[in-house]
Every structure is written in C-alpha cells, then in structure tokens.
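If you want the building blocks of each chain, they are given just below.
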Amino acid sequence: MSFHDGKSSNQSKRLAQSAAFTIFRGLSFSVVAILFIILAFIIIRGVSVISWEFLTEMPRNGMTAGGIFPAIVGTFWLVVGSMLFAFPIGVMSGIYMNEYLKDGWLKRFIKLMTNNLAGVPSIVFGLFGMALFVNRFGFGDSILAGSLTLGLLALPVVIRTTEESLKAIDDSFRIGSLALGASKWQTTSRVVLPMAFPNIITGLILSIGRVSGETAPILFTVAAYFLPRLPDSIFDQVMALPYHLYVISTSGTDIEASRKMAYGTAFILILIILVVNLLANWLRKYFAKRVKMH
Amino acid sequence: MKRYFHNFGERLIVGLLTLSGTVTSLTVLLIVFYLFKEGLGIFSMSPVEEGTAIAVNKQNPVKELSASQLKEISDQNITNWQQVGGPNAPIKLFRIDDITEYYSEEELGADFEFVPQRINEIVTKNPNILAFFPEEFLAKDFPGRQIFLDNISVADFLGGREWYPTITPAVRMGVLPLILGTLWVSFGAILLALPLGLATAVYMAEIADSRVRNILKPVIELLAGIPSVVYGFFGLVVVVPLIQDIFGLPVGETALAGSIILGIMALPTIISVSEDAMRTTPRAMKEASLALGASKWQTIYKVVIPYSISGISTAAILGIGRAIGETMAVLMVTGNASVIPDSFLEPVRTIPATIAAELGEAPQGGIHYKALFALGCILFLLTLIINVTVDLVSAKKRENR
C-alpha cells in the first residue's frame with residue numbers, strides 16, 4: 001500500500017468489511033433459521049395430534065392409534081432412576097475434585113477419565129450397560145439396568161457443572177469460614193455449596209433433558225418395542241419416548257398410518273427440551289437477580 | 001468425645017467423596033474391560049457357524065478353504081473345484097436339508113438316528129461333494145475329510161471389505177466398509193458444519209451486540225438439546241425426500257442425508273468451542289491492530305482467528321468426534337448399506353448404526369455379538385484418539401502462552 005491511494009484503500013477496506021459482516025450475519029441467522037424450521041415443523045405437525053387420549057392411553061392397532069402413555073411413564077421412571085444415581089454421585093465427585101483433591105497427577109488422571117467418559121459415544125454406553133448390568137449382574141432388560149446406564153452417561157455432565165459452579169465461588173469465602181474455626185466440611189456444606197447451589201440445580205435440569213431424549217443407551221438395556229402396560233417394579237421392561245419414536249417412524253407395521261403418532265411423540269420430546277431449557281434459563285436469571293440483591 | 005465424633009464424621013464424608021470421585025475412572029476402566037473382553041473374543045473364533053461341520057470326499061485334494069471362498073461357492077460364483085485348487089470337476093453342494101432328496105424319512109429314522117450313517121454314504125459316493133451339516137450328525141467313523149477354517153484374523157477383520165455377519169456356512173466380517181462409512185459421513189458433516197459454525201462463532205464473539213448474542217446463545221443451547229432421534233425423524237420426513245427429489249434418486253437415504261443431519265448436530269459444539277477460543281484473544285492485541293489502522297474485519301482475520309486457531313481446530317475435532325459417535329440419527333437416514341462409499345448420493349452404514357441395528361438380533365456370546373463388541377472397541381478407540389488429540393492441542397496452547 002502506498003501513501004497516495006490511502007483514501008481508496010480505506011474505502012475498499014470498508015467495503016470488504018461490510019461485505020464480510022453481511023455474510024457472517026447471514027450465516028449466523030441461517031443457524032437460527034435451521035432451528036426454527038425444525039421446531040416449527042415438528043410443533044405444527046405434532047400439536048394437532050396431542051389430545052387427552054394421546055397422553056393417557058395405551059397404543060392400539062399396531063401403534064397406529066391410541067396414545068403413548070406407557071412411553072411417557074417409562075421415560076419418567078428412567079429419568080428419575082438415572083438422576084437418583086447420577087446426581088448424588090456426580091455432585092459428591094465434583095465436590096471432591098474441586099474442594100478436596102489437591103493439584104497433582106491424581107487430579108489430572110481423574111479429570112482425564114471424566115473427560116473421556118464424556119466423550120464415549122452413547123451406543124458404547126449401550127453395549128457396556130448390556131454386558132455389565134443386563135448380562136453380568138443379571139438385571140435383565142429392566143428399568144434398573146437402563147437407569148444405571150443412563151446415569152453413567154449423565155455423570156460427567158453433572159460432575160462438570162458442579163465443578164464449574166464451585167470454581168466460580170471466590171476463595172475468600174472459604175478462607176473466611178476456615179478462619180472462623182469451621183472445619184473443611186462445614187465450610188463446604190454451609191458456605192460453598194449453598195452459594196453454588198443454583199448453578200448445580202441448573203446443570204441437573206439440563207441433564208434431565210439430555211437423559212430423557214437418549215435412545216442408543218436404552219436400546220439393549222430396557223426399551224420395549226411394544227408393551228401396553230405399566231411397570232410393576234424396577235426389574236420390568238418399559239417403553240420409552242425416544243425409542244418409541246424410532247420404532248414407529250422406521251419399523252411399525254404401517255408406517256404411513258403411524259406417522260401421525262410419530263409427530264405427536266416428537267412433539268412431546270421437543271416440548272420436554274423446551275421446558276427444560278426455559279426452566280434452566282429462568283432459574284439462572286432468577287438466582288442471578290437474588291445474588292445481586294444481597 | 002464430641003470432638004472425636006466430629007472428626008469421625010468428617011473422615012466418613014471425605015471417604016464418601018473420594019469414593020464418588022473414583023466412579024468415573026472406574027467406569028472408564030470397566031468399559032474398556034468389558035468392551036475388549038467381548039470384542040477381542042472374535043479373534044479366537046472360527047467364521048463357521050458354531051456346530052457346523054464342513055467336509056469333502058477323502059479323494060479330494062483340497063485341504064483348505066477360506067471364508068470368502070466358502071461364500072463364493074455358496075453363492076454359486078465358484079462352481080468348479082479347479083477354482084479353489086482342486087481337480088477339474090464341478091462342486092456338488094450338499095446341505096443337511098438336501099438329505100431328503102437322497103433318502104426317505106424311514107431310511108433316516110424316526111429320531112434321525114440313521115442320519116450320520118447316511119451322510120457317511122453320501123460323502124463316500126460323491127467324490128466332488130462339499131457337505132455342510134450339523135456336527136451332531138458327524139459319525140465317529142466319518143469316511144470323508146473335515147475342513148476347518150482359520151480363526152478370524154485381525155487383518156481379515158480390519159481389512160475385509162464384506163460385512164455379512166449372519167450368512168451361512170461361514171460369516172464374512174470385514175469392517176472396512178463400516179469404518180470408511182463412518183469417516184465418510186462424518187467428514188461430509190464437518191465440511192458442511194465448519195464454515196457455518198465458524199462464521200456464527202466469529203459473529204457472536206466479535207461482531208454481534210449483546211442483544212443479538214442473547215438471542216443466539218439459547219438458540220445454540222436448544223440445538224444441542226434436541227434429542228438425536230428427533231433429528232433422525234426430521235431427517236427422515238424432510239431431508240431424505242428432499243434429496244430424493246432434487247437428485248432424482250431411487251432412494252433418498254444417502255450419505256448426504258446423514259452428513260446434513262450430523263452437520264446440524266455438530267454445529268453447537270463447533271460454535272461454542274470456537275467462540276470461547278476467540279473470546280480469549282487479549283484485548284490489547286485487538287486494540288493494537290485497530291490502532292494501527294486495520295479495520296475490524298482485518299483485525300478479525302489477521303489477529304483473532306490466527307490467535308484462536310488451536311481452539312478452532314479443537315472445535316473441528318470435537319465436531320468430528322460428535323459425528324463419529326452419533327447413532328440414532330444416522331441409523332434413520334443413511335440407508336445402512338454396508339458398501340465402501342464412493343459418493344455422497346449412495347447409502348452408507350456407520351459403526352454405531354451397525355451396532356444399534358444388529359445387537360438385538362445377535363445371540364449373546366456368539367460370533368456376531370462379539371463382532372459388534374469389537375466394533376464398539378474401534379469406536380471407543382476412535383473417540384479416545386480424538387479426546388487425546390484435543391488434550392494435546394489445548395496443552396500446547398497453554399505452553400505457547
């Protein structure tokens with residue numbers, strides 16, 4: 001660039017910039033458009049299927065009519081079961097890693113393993129759950145086996161959110177509490193945890209969303225193709241929403257006739273995700289406001 | 001006394017916390033153990049269906065047959081003994097069901113007690129025979145020669161081009177088409193997702209004001225939250241028919257459909273990881289660039305992007321990882337044909353989809369079951385490589401600072 005054409009170069013610079021920014025803006029909004037199209041498509045087609053009957057009745061006529069009640073109940077129990085397992089262990093593990101474990105090889109090792117577990121594909125969890133819980137422990141295809149498998153899958157997520165929530169708490173609180181004569185656990189349980197609690201709960205809610213939509217881990221550990229009754233114990237098989245959607249959209253007896261049911265099921269799954277995300281966002285804002293007020 | 005209990009309680013809690021801390025490590029080790037225990041079992045198994053005997057006449061000089069030769073013979077692509085190193089004579093196939101053509105039911109006995117003897121007769125009478133029959137009918141004084149196949153080798157498994165895990169008499173377990181199918185679809189996905197994802201990340205990190213960013217953030221969280229089976233369903237009812245129409249294909253279930261859906265699914269990972277990376281660009285560097293007269297756009301592509309390049313590569317690698325491991329969406333839209341892919345407009349089959357589709361039908365402990373666990377091992381190793389690479393890239397970045 002020479003000095004003479006400073007003006008025109010400035011102009012072309014500005015032109016290049018506005019062209020680039022326009023393109024980037026366009027591409028970003030196409031991402032929004034993709035989400036919007038997917039959501040709108042499923043909501044518009046699905047919402048007309050939703051009725052009291054659809055939500056509370058057993059599937060009938062080769063799953064082309066009736067409702068999806070057993071799948072809703074099944075998914076509910078799987079979410080409850082997996083969270084009962086993953087939440088306490090995940091939170092305790094997060095506390096251990098952030099509050100108790102000193103920096104060193106052990107911490108790095110556990111971190112690496114947790115990251116690896118987070119990266120394991122969901123179908124591998126399915127294989128593992130089948131080999132360990134279903135076959136080795138002899139639980140059979142059951143809510144117990146499915147919940148444990150899903151719980152393991154959710155574990156790294158819970159650990160990470162717990163760790164991050166704890167990390168965000170300023171050290172001065174810990175030091176202050178310890179200086180007042182509180183023990184390590186008293187400091188953790190009465191000072192640090194209550195402050196980190198909102199973020200931990202938000203993480204829990206988001207992992208509920210994740211667990212309720214997972215299909216691959218439950219394929220061989222719990223999910224039933226067609227089982228029009230409710231479970232009696234944790235050793236029963238159940239239907240589940242995501243697996244039900246897979247079944248009726250790919251291998252039902254009459255795919256065209258069951259398409260309507262598939263839209264309805266997809267709608268319910270989307271609804272769960274929307275509610276979970278909105279709730280998490282609302283909680284985040286609510287707690288942020290409360291912290292500010294203090 | 002109180003003090004003592006206090007200490008005791010404190011120790012108990014530390015113990016519990018420590019125990020919880022080991023759960024993830026333990027799980028990873030158990031996953032490795034079970035996956036490899038079942039998966040490696042395949043290399044000590046014969047490709048011949050368990051309990052099946054293969055035999056020829058004693059005069060036949062052929063002593064060995066490979067699994068692929070057996071398949072060709074059984075498909076009638078090889079019909080002469082000469083093609084497998086024997087005399088010039090047509091191969092006469094005999095399966096146990098054919099025995100009724102040779103003998104009446106009475107001659108076989110009410111409880112099939114004469115079957116071994118009849119098989120002896122058939123094999124002796126027909127010099128060009130190749131007989132498959134259950135081992136329980138193998139007589140002690142069997143006059144023919146049994147043929148045993150070598151166990152499945154690592155080279156056969158990894159390099160084999162045919163995946164027919166249930167055919168008789170001998171299965172073909174080559175995972176090359178599945179590995180290539182997985183990489184092909186994931187590669188396509190990243191090709192589609194990377195430009196879109198990076199542009200969005202740049203826009204969010206550097207260009208958009210906070211109001212727009214507050215719209216984009218939840219959108220990306222939602223994209224990440226939609227279950228894969230819903231993506232698969234959307235692909236099945238929207239993307240697949242669209243591809244079929246646009247390209248005039250007989251079926252729309254193609255690698256392209258898989259890549260599109262996987263690309264959308266990889267977007268949140270790519271966007272959030274690379275946006276975080278761009279945000280770490282020191283303010284001083286950006287301001288120095290602006291002060292030197294560079295435009296905002298020049299600053300972005302000459303300063304911000306080079307500075308965050310390792311984070312961007314991490315984003316791409318993690319996106320590929322997400323695509324490689326994805327199961328349900330791919331299973332629903334790629335058509336699942338186990339052929340080596342050479343175009344995006346053909347059906348392909350990935351490793352996760354194969355496991356998901358076939359494990360339900362594979363008898364526990366059988367060769368097919370073990371092969372699917374071996375596929376799980378490959379998948380696990382692929383994702384492990386990806387995690388370790390990401391770890392190395394980010395470690396290097398820390399070093400450079």
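Being a predicted model, the structure only gives us computed values, none of them experimental.

## Some thoughts on the overall build of chain A
No. 1: Broken down by element type, chain A carries 10 helices and 2 strands.
No. 2: Secondary structure elements in chain A, listed N-terminal to C-terminal, are α-α-β-β-α-α-α-α-α-α-α-α.
No. 3: For 294 residues, the compact-globule estimate of 2.2 N^0.38 gives 19 Å, and the C-alpha radius of gyration of chain A, at 25 Å, exceeds that figure by more than 25%.
No. 4: For chain A, the proportion of its 294 residues judged to be buried stands at 45%.

## Notes on the overall build of chain B
No. 1: Within chain B one finds 16 helices and 6 strands.
No. 2: By the compact-globule yardstick of 21 Å for 401 residues, chain B is too spread out, its C-alpha radius of gyration being 30 Å.
No. 3: Projected onto its principal axes, the C-alpha positions of chain B cover 95 × 80 × 40 Å.
No. 4: Scored against the burial criterion, the 401 residues of chain B give a buried share of 44%.
No. 5: Taking the intrachain contacts of chain B between residues at least 6 apart in sequence as the baseline, contacts between residues at least 24 apart amount to 70%.

## Comments concerning the environment of Phe139(A)
All names here are of chain A.
No. 1: One can find Phe139 in the loop between helix H5 (122-136) and helix H6 (143-167).
No. 2: For Phe139 and Ile234, which are 95 residues apart along the polypeptide, the C-alpha to C-alpha distance reads 9.3 Å.
No. 3: Setting aside residues no more than four positions away along its own chain, Phe139 makes contact with Phe133, Val134, Leu144, Ala145 and Phe235.

## Some thoughts on the nonpolar core
No. 1: One finds Ala266(A), Val230(B) and Ile261(B) to be the most contacted residues of the largest nonpolar core, which totals 193 residues.
No. 2: Counting contributing residues per domain, this core is built from domain 1 (52-150) and domain 2 (176-400) of chain B, each supplying no fewer than three.

## Considerations on the pairing of strand E3 (residues 129-134) of chain B
Residue and element names in this part refer to chain B.
No. 1: Two strands pair when backbone bridges link them, and strand E1 (residues 52-56) and E3 are joined in this way by 5 bridges, in the antiparallel orientation. Bridge pairing in E3 links Ala55 to Ala131.
No. 2: Across 4 bridges, the pairing between strand E2 (residues 92-95) and E3 is parallel. Looking across to E3, one finds that Arg95 is bridged to Phe132.

## Describing the packing of helix H9 (residues 241-250) of chain A against helix H9 (residues 228-247) of chain B
No. 1: The interhelical angle for the contact between H9(A) and H9(B), taken along N-to-C directions, is 20 degrees, at an axis separation of 9 Å. On the basis of the axis angle, H9(A) is roughly parallel to H9(B). Here H9(A) and H9(B) pass one another in a crossing that is left-handed. Residues Pro242(A), Leu245(A), Tyr246(A) and Ser249(A) of H9(A) touch H9(B), and the partners they reach there are Val229(B), Phe233(B) and Leu236(B).
No. 2: Looking at side-chain class alone, the contact of H9(A) with H9(B) contains 6 nonpolar, 1 polar and no charged residues.

## Digging into the sheet that holds E2(B)
All names here are of chain B.
No. 1: Read across the open sheet, the 4 strands follow the order E2-E3-E1-E4; overall the sheet is mixed. The strands lining the two open edges of the sheet, one partner per strand, are E2 and strand E4 (145-146).
No. 2: Sheet topology note: the E1/E4 ladder contains 2 bridges and is antiparallel. Residue pairing across strands places Ala55 opposite Gln146, the latter belonging to E4.
No. 3: Running over the sheet, helix H5 (residues 115-125) touches E1, E2 and E3 and is turned about 165 degrees from E3.

## Concerning the interface of chain B and chain A
No. 1: On the chain A side, the residues contacting the 65 residues of chain B number 69 residues.
No. 2: No other element matches the 18 residues that helix H1 (residues 2-40) of chain B contributes to the side of chain B that touches chain A.
No. 3: For the side of chain B that touches chain A, the class distribution of residues is 42 nonpolar, 19 polar and 4 charged.

## Brief notes about the confidence of the model for chain B
No. 1: Of the residues in chain B, 97% have a pLDDT of 70 or more, and the chain-wide mean is 88.
No. 2: Model confidence for chain B, summarised as mean pLDDT per element, is weakest for helix H2 (residues 67-74) of chain B at 79 and strongest for H9(B) at 95.

## Section: the environment of Phe142(B)
No. 1: Of note, Phe142(B) is situated in the loop between E3 and E4.
No. 2: Separated by 27 residues in sequence, Phe142(B) and Pro169(B) have C-alpha atoms that sit 20 Å apart.

## Comments concerning the UniProt feature "transmembrane region" (unreviewed entry) in chain A
No. 1: When the UniProt feature table is mapped onto this chain, "transmembrane region" (unreviewed entry) is found at residues 21-47, 67-96, 117-137, 143-159, 191-209 and 261-283 of chain A.
No. 2: Along residues 117-137 of chain A, the helical share is 86% and the strand share 0%, with 21 Å between the first and last C-alpha atoms.

## Here we look at unusual backbone geometry
Residues and elements named next belong to chain B.
No. 1: Although it is not a glycine, Phe112 adopts a positive phi angle of roughly 60 degrees.
No. 2: A count of 14 C-beta atoms within 10 Å places Phe112 in the partly exposed class.
No. 3: One non-glycine residue, Asn336, lies in positive phi territory at about 55 degrees.
No. 4: Judged by the 20 C-beta atoms lying within 10 Å of it, Asn336 is buried.

Procedures and definitions
Residues numbered from 1 in each chain as written. Chains lettered and ligands numbered in written order. Predicted model: local features only at pLDDT ≥ 70, side-chain atom pairs only at ≥ 80, totals over all residues. Helix = DSSP H or I, 4+ residues; strand = E, 2+ residues; numbered from the N terminus. Rg over C-alpha atoms; globule rule 2.2 N^0.38 Å. Buried ≥ 20, exposed ≤ 12 C-beta atoms within 10 Å, placed from the backbone. Contact = placed C-beta atoms within 7 Å. Core = buried A, V, L, I, M, F, W, Y, C linked by C-beta atoms within 7 Å. Domains from an automatic or database assignment. Pairing = 2+ DSSP bridges. Axes fitted to C-alpha atoms, helices over the stretch in contact; angles between N-to-C directions. Parallel < 35°, antiparallel > 145°, perpendicular 65-115°, else oblique. Left-handed = near helix turned anticlockwise from the far one by under 90°. Nonpolar A, V, L, I, M, F, W, Y, C, P; charged D, E, K, R; others polar. pLDDT = per-residue confidence, 0-100. UniProt positions renumbered as here; feature names shortened; annotations may be inferred.

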